[in-house]
Structures are given as structure tokens and as C-alpha cells.
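# Descriptive analysis of the structure
Chain by chain, the residues run as shown.
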Amino acid sequence: MNVSDFRNEFPELSETVYGKRLVYLDNAATSLRPQSVIGEWNEMSARYTANLHRAVHHIAEVATQKYEQARDAVREYINAGSREEIIFTSGTTASINLVAFSFGEAFVGPGDEIIVSEAEHHSNIVPWQMMCSRKGATLKVLPVDDQGHLRLDVLRELLNPRTRLVCVTQVSNVLGLTNPIKEIVNICHSIGCPVLADGAQGIVHSGVDVRDIDCDFYAFSGHKIYAAPGTGVLYGKKYYLDKMPPYMGGGEMISTVKWTGTSYADAPHKFEAGTQNISGTPTLVQALAVASETRSAELQKNMEEVVDYMLNALSSDSRFHLFGQPGGGYEKIPLFSFSVEHLHHEDLALILDKMGVAVRSGQMCAEPLMDRFGVTGMLRASFAPYNTVEEAKYLMSSLEKAIKMLDRK
Amino acid sequence: MKSLKEVQDDVIEEFSMYDDWLDKYEYLIELGNGLEPFPDEFKTDDRLIKGCQSRVWLDTSVECGRLFFKADSDAVITKGIISLLVGVYSGREACEIASDDFSFVEKLGLRENLSPTRANGLASMIGTIRSTASKNCQK
């Protein structure tokens, strides 16, 4: 499939904003939705609105099947060992909070330690701060160097018998670098410490094999990988899921409920209390099929060209500072956070917006990382496989105009 | 001295002369660059306005029932917007400001054309000006 055919699957790409063609470069925040996902989402809403797992009537049966088919699709996509290890949530944040609560209850006590990296999204920081304060545990920070590479030498020093969990992102939403997650898992497992990988960005740009990585938990959102918003996944190894108490109590997560006490269902239902995202979750099937299409040689080549163009454009000009330098095994995904000499990220983003270019500016939910690099925020352009080198060039020429407007003092 | 309403109408008229948003931004950038210098020692946390993606400082002084505003921002377009607000409200009587409905900001079209985070910042700026005015209006 070529890029132009692929683009045709995403209706929003033909939108105009302020009379200009939309150039959507905020894919790391959320991806656009393809027609197949929109179609399934509509069909689920229009024809199969029924609650799951409960009723025996026909539409409930179909809705339940669709929902459970999505579980199979996810299992296959990330190569999990069994479908019982796939828990549906509302997104990465909910997945991580689930682990922070339930793993915390089962495995963490006073004096224990949790390690998170300095490059984490707030969603992989705050739940651990909350858990540590609840359990009397300590949060330790794995730093990054000036290139944005994780200090694995420091990880080895930080790890000790009191470390209960290491939480690290597969790809930072700011730095756009592929972290050596497999090596991190190896290091941690060598002392028996489990690892949670935040796959919010990582799932989008390469295939993921959780059994190959061997991480103990893997969290991601549906909406960043073309599925309906409010969908998300937590993969957890059965060994841990079986020992973890439920996160929320309610319908469908129980085995029996008596006034004398309640027993819970097994995973994954133990962790899926309440009415689930009936019309959204099934779209993971279509979304992951689209994600598989992006692995085609032609679309991969397009992404590589975008990465090469952007890396060159941002590195060859001394006015730009790119955060997250590839090299030494760290590959760059098409996500570029940078600053422009003397200019404020917000001014640039506002002007780019009026030229039709949607980029992100600010702290990008990673305030500690902003502090690490001594900035109040950055400008971020994040590309998806439907974006083109032509759009990258339009970004850079629009940026040039914005700089001219702002730099005329 | 023109009334508050008259000054606001002037600003709305001037701003509406620019059809294109980029021209409006050019205008705001110019306004921001022309803002009276803000002393560095005034850039304190208590003058910092919450809810902005860029940092905004607002200093208020009171003389004979009139409020005088000085402001600054590390972002130029935001500086232009606060410069509009300062231009309209600085030097006015506290009670006159307190009784204003601030609807002229809507008429400028700024709120809906700025990102929600930015609109938040604008709302915070207005909130600060309004509450300072109420505090200083003894009626």
C-alpha cells in the first residue's frame, strides 16, 4: 500500500483549518482514526448497544463476541502468552494506575522501593508517587544523559533487594527514542525485579512482542494507535495478575457476592469492573489491522524518509536544539521535540496553528524532564505513517515564517 | 478621558481591521514588544498568573482608588494580549473595572481562537484583574 492510498483511509486528513489544509503533526497526543475504525465504532453504537457478558439475548451476545475478539486481536498483536493476560482499561493512564494500586497492595510495603525513569510521562510518575506515599515506599529516579539516553549504569546501582518494580517507557513521548527495554528487563530480572513498560508511544511505531521483551507489565492506549478513544490495554503476566487484588469493585468482576464476603472472578474479568467501553474496545481489531499495514515496506520507507529529513533539518541549523539524539542503539521514531533559539514554544505553536500545522507545545506532561533540560517547554512535531516528507517540508517552511514574524525586534 | 466602554470599542475596532489571523498576531507581537519594561525583581511567584502555558506576571498598584497594571510574559503573543488588557484597564478606577463584564475579550475573538490552555491563561489574567478591582472598590 502506498502513502496516498493509506492517507485516503483517514477522513480527517482532508480537513482544512483557517482555510488551510490541515497538517496534523500531533500524533503522539492522539492519532487520527481510519474509516474502518469509524465504521466499526458506528456499527457498534448503531446496532449492538448491549451490555457485555451478562445477558443471553442476541445483541448482547454479538457485543460480547466483538469485545472478546478484540482481546484475541490484542493478544496476537503483542504476542502475549494467553488472552487472560490482556486487560481492557480506558487507556495507558488507567492501566498504570491499576498496576500501581493492585501490585502495590500485593507486593509493596514500608521501606520498599520503586524506580521510574526521568523521561516518564506524568502518567508513569504520579501513580507511583501516590502508591509510594500510601505504602510507605520510596520512589527512585533513573536519570537520562544529555542525549536523552537512560543511564543504565545508574540503574545497576539503584537496584537492590528492596526494589519491587521498575517502570520505564519504551519510547519517551518527548525524546522519541527507543529505549533498550529488553536490556533493562534483563538487568532487573537478574535480581528478580519485575518491569512495567509504558508502551503508549512504543506500540505505534514498531511491532511489539511482550514475550520477547519479557516485561512483566505492558500498558498502552487505543487512541494513539488508531482505535476509539477511551480504550486501553494492560498486559500483565499471569503470575502477577493472579496475586494482585482487584483495582475496582463492581459488576462482572466477581465470582460470588454474599453479605459474609465476596470472591472475585479470575483475570482478566477481575480487573474489568463495571460497564466497559462497549462500542470503542471492539475497534481495536480494525485499529491493529491498520497498524499492521503500516509495517509494509513502502510505508516504513516513507517514515524513514521523514525521520531522515527532520533529523537533518533540525540538526543542520544552529537555531534549533533537538532533544533526544539517536545513536548507541537508540533509534529515533518520527517524533521531534525541539526548541528554537530565543523564541517561545507557545508563540511558534500558535502561529503554526494558523498556518494549518497542528503541533504540540509546552511541557508535554513531562515536567521533570523539562527541568532536566532546563526549559519551560518544547515544541513537538510527531508524525504518523500517513504523514509525508512534503508535510515535514511544509512544517519547516512554516516554522521559518513564524521565526521571521517573531524575531523582528 | 474616554470611558472604559469607549476604549474597549476602540480596541475591538482596531483588532477587527485585520482579517487574517497571522495579521492579528503581527499586531499583537508589535503591541507586546511595545509594552513598558517590567523590572526583573517583579518576576516573583506571587505575581505569576496560573493556568498559562507561558509565564505571565502581573503587578498591580493602587493610587487614589485607581489601579495601575504592569505585566510581562516570556511569550510574545501572550505579551501582546496582556498588553491589550493593560492598555484598557490600567489607570481606571477600581469600581469601574469591578463592574465591567469583560465581554470585550469575547468580541475580540481571542478566546475561541486560542488553545484551551491559552484561554485558561486569559481567564486567569481577567480573573486576577477583576478580583483585584473588587478588593479595591469600597462602595
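About the cut-offs
- Residues numbered from 1 in each chain as written.
- Chains lettered and ligands numbered in written order.
- Predicted model: local features only at pLDDT ≥ 70, side-chain atom pairs only at ≥ 80, totals over all residues.
- Heavy atoms only, no water.
- Buried < 20%, exposed > 50% of the residue type's maximum accessible area, 1.4 Å probe, protein only.
- Helix = DSSP H or I, 4+ residues; strand = E, 2+ residues; numbered from the N terminus.
- Pairing = 2+ DSSP bridges.
- Right-handed = clockwise from strand over helix to strand, strands pointing away.
- Salt bridge = Lys/Arg side-chain N within 4 Å of Asp/Glu carboxyl O.
- Disulfide = S-S within 2.5 Å.
- Phe/Tyr/Trp six-rings, centres within 6.5 Å; stacked < 30°, edge-to-face > 60°.
- Axes fitted to C-alpha atoms, helices over the stretch in contact; angles between N-to-C directions.
- Contact = heavy atoms within 4.5 Å.
- Polar contact = N/O pair within 3.5 Å; in protein donor to acceptor, adjacent residues only side chain to side chain.
- pLDDT = per-residue confidence, 0-100.
- Parallel < 35°, antiparallel > 145°, perpendicular 65-115°, else oblique.
- Left-handed = near helix turned anticlockwise from the far one by under 90°.
- Nonpolar A, V, L, I, M, F, W, Y, C, P; charged D, E, K, R; others polar.
- Buried area = accessible area lost by both parts, 1.4 Å probe.

What follows covers the pairing of strand β8 (residues 195–198) of chain A. Residues and elements named next belong to chain A. A two-sided burial pattern is seen for β8, the buried positions comprising V195 and A197 on one face and L196 and D198 on the other. In terms of strand pairing, strand β7 (residues 163–169) meets β8 through four bridges, oriented parallel. Residue T169 lies in a different strand from β8, and its bridge partner there is D198. Crossover connection from β7 via helix α7 (residues 181–189) to parallel β8: handedness right-handed. Sheet analysis places β8 next to strand β9 (residues 217–221), joined by three bridges and oriented parallel. For D198, the partnering residue across the bridge sits in β9 and is A219.

In this section: the pattern of salt bridges. Residue and element names in this part refer to chain A. Inspection of every chain in the model, using the stated rule, returns 35 salt bridges over all chains. Here K66 and E43 are joined by a salt bridge, their closest N and O atoms 3.9 Å apart. With K66 in helix α3 (residues 58–78) and E43 in helix α2 (residues 35–47), the pair connects residues that are 23 residues apart, well separated along the chain. On the accessibility criterion, E43 (28% relative accessible area) is partly exposed.

Attention now moves to the state of the cysteines. All names here are of chain B. Within this structure, the stated rule accounts for one disulfide over all chains. Residue C95 pairs covalently with C137 via a disulfide, S to S 2.1 Å. Because the torsion about its S-S bond is 105 degrees, the bridge between C95 and C137 counts as right-handed. Highlighted residues: C95 in helix α4 (residues 94–98) and C137 in the segment after α7 (116–135), separated in sequence by 42 residues. Taken as a pair, C95 and C137 share a single burial class, namely buried.

With that settled, the discussion passes to the packing of aromatic side chains. Residues and elements named next belong to chain A. For the structure on display, the rule yields 23 aromatic pairs over all chains. Geometrically, the ring pair formed by F103 and Y240 is tilted, given 5.9 Å between the ring centres and 50 degrees between the ring planes. Taken as a pair, F103 in helix α4 (residues 92–107) and Y240 in helix α10 (residues 238–243) lie far apart in primary sequence, 137 residues in all. As far as the burial class goes, F103 and Y240 line up, both buried. Between the aromatic rings of F336 and F383, the centroid separation amounts to 6.1 Å while the plane-to-plane angle is 80 degrees, which identifies the pairing as edge-to-face. Of this pair, F336 sits in strand β14 (residues 335–340) while F383 sits in the loop between β17 (378–382) and α15 (389–406); the two residues are 47 residues apart in sequence, bridging distant segments of the chain. Per residue, the accessibility class of F336 equals that of F383, and both read buried.

Below, the discussion takes up the sheet that holds strand β13 (residues 320–323) of chain A. Residues and elements named next belong to chain A. Across the sheet, which stays open at both edges, the four strands sit in the order β13-β14-β17-β16 with antiparallel pairing between neighbours. If you trace the sheet from one side to the other, it starts and ends with β13 and β16 (360–362), each paired once. Recorded for the sheet is a direction-independent mean angle of 30 degrees between the axes of neighbouring strands. Both β14 and β17 contribute to a ladder of four bridges, which runs antiparallel. Paired with F338 across the bridge in β17 is L379.

On to the sheet that holds strand β10 (residues 232–236) of chain A, then. Residue and element names in this part refer to chain A. Spatially, seven strands are ordered β4-β10-β9-β8-β7-β5-β6 in an open sheet, and the strand pairing comes out mixed. Where the open sheet ends on each side, the last strands, each with one partner, are β4 (86–89) and β6 (138–142). Ignoring which end each strand starts from, the neighbouring axes of this sheet average 20 degrees apart. Pairing of β4 with β10, which is carried by four bridges, proceeds in the antiparallel orientation. For I86, the partnering residue across the bridge sits in β10 and is Y235.

Quick look at the environment of B:D72 now. All names here are of chain B. Take D72: it is sitting in strand β2 (residues 66–73). Sequence-wise, D72 and P37 are 35 residues apart; in three dimensions their C-alpha atoms are separated by 7.9 Å. Look past the residues within four positions of D72 in its chain and what remains in contact with it is F38, K43, R55, V56, W57, K79 and I82. Looking at D72, its side chain comes within polar contact range of the side chain of K43, at 3.4 Å.

The next thing to look at is the confidence of the model for chain B. Residues and elements named next belong to chain B. On average, chain B scores 86 in pLDDT, and the residues at 70 or more come to 90%. Least confident of the elements in chain B is helix α6 (residues 110–113), whose mean pLDDT is 64; most confident is strand β3 (residues 92–93), at 94. Interface scoring of the predicted complex returns ipTM 0.86; its pTM is 0.93.

Geometry of a packed helix pair, given as the angle between the helix axes and the separation of the axes. Residues and elements named next belong to chain B. Put simply, helix α1 (residues 4–16) and helix α3 (residues 76–89) touch, their axes get as near as 9 Å, and they point 150 degrees apart. Considered as vectors, α1 and α3 are oriented roughly antiparallel to each other. Crossing handedness for the pair α1 and α3: right-handed. Judged by residue contacts, L4, V7, Q8 and V11 of α1 engage L84, V88 and Y89 from α3. Looking at the contact of α1 with α3, its residues break down into six nonpolar, one polar and no charged.

Residue and element names in this part refer to chain A. For β9, a buried count of five out of five residues is recorded, marking the element as mostly surrounded by other parts of the structure. Alternating positions in β9 separate into two faces, F217, A219 and S221 on one and Y218 and F220 on the other, with burial throughout. Note that β9 and β10 share five bridges and pair antiparallel. The partner of F220 across the bridge, within β10, is V233.

Turning to the side chain of A:T283, a few remarks are in order. Residues and elements named next belong to chain A. Along the chain, T283 turns up in the loop between β12 (261–264) and α11 (284–293). On the basis of relative accessibility, which here comes to 0%, the residue T283 falls in the buried class. Excluding residues within four positions of it along the chain, T283 makes contact with V37, E40, W41, A227 and A228.

In this complex, chain A contributes 16 residues to the contact, which on the side of chain B involves 17 residues. Across the interface of chain A and chain B, roughly 1600 Å² is buried in total on both sides, 57% from carbon and sulfur atoms. Where chain A packs against chain B, one counts zero salt bridges. Residue assignment for the side of chain A that touches chain B shows that the elements contributing at least two residues are α13 (345–354), β16 and α15 of chain A. Top contributing element to the side of chain A that touches chain B by residue count: α13(A), with six residues. A per-class count over the side of chain A that touches chain B returns six nonpolar, five polar and five charged.

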